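Examining the three-dimensional arrangement
Here is how the chains run, residue by residue.
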Amino acid sequence: MGIDRRTVMRRALLATGGVAVGAGGAIGLPRLFGWDRPPLSGGYAAAADAPADMRNPGLSVHYYVETTEPVVAFTFDDGPAPDWTPMALDALDAAAIPATFFMVGRNLEANADLVRDRMSRHEIGNHSWSHDDLATLDRAGVMSELTRTHEMIKKVFGRTPTLMRPPYGHLGGSTVLAADLMGYDIVLWSHLMRELYFEKNPDGQVRDIVDNVRPGSIVLAHDTGKPNRLVSLRGLPAMFAGLKARGFRFVTVPELLALEKKTPAA
Ligand SMILES: [Zn+2]
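Residues numbered from 1 in each chain as written. Predicted model: local features only at pLDDT ≥ 70, side-chain atom pairs only at ≥ 80, totals over all residues.

Taking an unreviewed UniProt entry as the reference, the protein chain is identified by name as Peptidoglycan/xylan/chitin deacetylase, PgdA/CDA1 family belonging to Actinoplanes philippinensis.

On a plain count of helices and strands, the protein chain comes out with 10 helices and nine strands. For the protein chain, the proportion of its 266 residues judged to be buried stands at 38%. A sequence separation of at least 24 residues applies to 79% of the contacts in the protein chain between residues at least 6 apart. (Helix = DSSP H or I, 4+ residues; strand = E, 2+ residues; numbered from the N terminus. Buried ≥ 20, exposed ≤ 12 C-beta atoms within 10 Å, placed from the backbone. Contact = placed C-beta atoms within 7 Å.)

Moving on, we come to the environment of Asp-208. Within the secondary structure layout, Asp-208 lies in helix α8 (residues 202–212). As for Asp-208 and Leu-192, which are separated by 16 residues in sequence, their C-alpha atoms are 9.4 Å apart. Each residue touching Asp-208, except ones within four places of it in the same chain, is listed here: Arg-194 and Phe-198.

Next up on the list: the pairing of strand β8 (residues 217–222). Here β8 lies mainly inside the structure; five of its six residues are buried. Note that strand β2 (residues 71–77) and β8 share six bridges and pair parallel. Directly across from Phe-76, in β8, lies its bridge partner Ala-221. Relative to β8, strand β7 (residues 191–192) runs parallel, the two sharing two bridges. Its bridge partner being in β8, Leu-192 is matched across the sheet by Leu-220. (Pairing = 2+ DSSP bridges.)

On to the packing of helix α3 (residues 85–95) against helix α9 (residues 230–245). Closest axis-to-axis distance for the α3/α9 pair is 9 Å, and the angle between their directions is 15 degrees. Between α3 and α9, the interaxial angle falls into the category roughly parallel. The interaxial crossing formed by α3 with α9 has right-handed handedness. Contacts from Met-87, Ala-88, Ala-91, Ala-94 and Ala-95 of α3 reach α9 at Leu-233, Leu-236, Pro-237 and Phe-240. A class-by-class count of the residues in the contact of α3 with α9 yields nine nonpolar, no polar and no charged. (Axes fitted to C-alpha atoms, helices over the stretch in contact; angles between N-to-C directions. Parallel < 35°, antiparallel > 145°, perpendicular 65-115°, else oblique. Left-handed = near helix turned anticlockwise from the far one by under 90°. Nonpolar A, V, L, I, M, F, W, Y, C, P; charged D, E, K, R; others polar.)

Further remarks concern the confidence of the model for the protein chain. When the pLDDT values of the protein chain are averaged, the result is 85; 78% of them are 70 or greater. Across residues 1–27, where pLDDT falls below 50, the model places 12 contacts with residues more than four positions away in sequence or in other chains. (pLDDT = per-residue confidence, 0-100.)

On to α8. Taken residue by residue, α8 has Gln-205, Val-206, Asp-208 and Ile-209 as its buried positions. One side of α8 holds all its buried residues, which, seen down the axis, span an arc of 155 degrees. Of the exposed residues in α8, the ones pointing more than 90 degrees away from its buried face are Asp-203 and Asp-211. (Arc of directions from axis to C-beta.)

Right, dumping it as structure tokens:
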């Protein structure tokens, strides 16, 4: 079966496009080698490289939960940090609702005092040590990122995390293997703050969340980062009020997942 010249050219163009995207990103170099080539930093691991090592037969990746109960889980990534973690916590306290914070280990090490006494109602998940793109690391690299943060969370809060979220939502096989070894569920999201789109339209950002959240949704927000994130952080009180008015209850991600386990299969 031959591949004609046109196909070859199209593939070459696609490859060139991939280089352009990769080179424009923050971590351009590994992506120069394309999606099917090992990056310099260690190589993608296939998720079934080491079947004998697997501990859980059904590691789960959660985007949302299928339920008829009006519950929603807000999640905050990348902190803790002095810019907006206190603001997010204040908004949650004012509404007396829980959330889930996916913390970056090195940020927790630097800012533990910001959050040490403020997490009693909230859940804490692992968002890697350095916010590297875990999909470009081999299993040892991912294990190191997750283990350091796991230990830091235990040290600061005396709790053992059970959830992880990969930075950028980039989920490589090596992360699946590492999450399995550490007994983590992987949590992604069904809704996210769209600061790029709504930066100049705070009411639009609030409505986008209040109108579109469904029973079982997981909402992604950030408690640190670029200034445009302020449009969603400032909108949190209105989002919480609007969702309460729609009859929603707020839960942590583990509470949401427990609900899924109780729901009989259709
Ligand atoms: Zn992140």
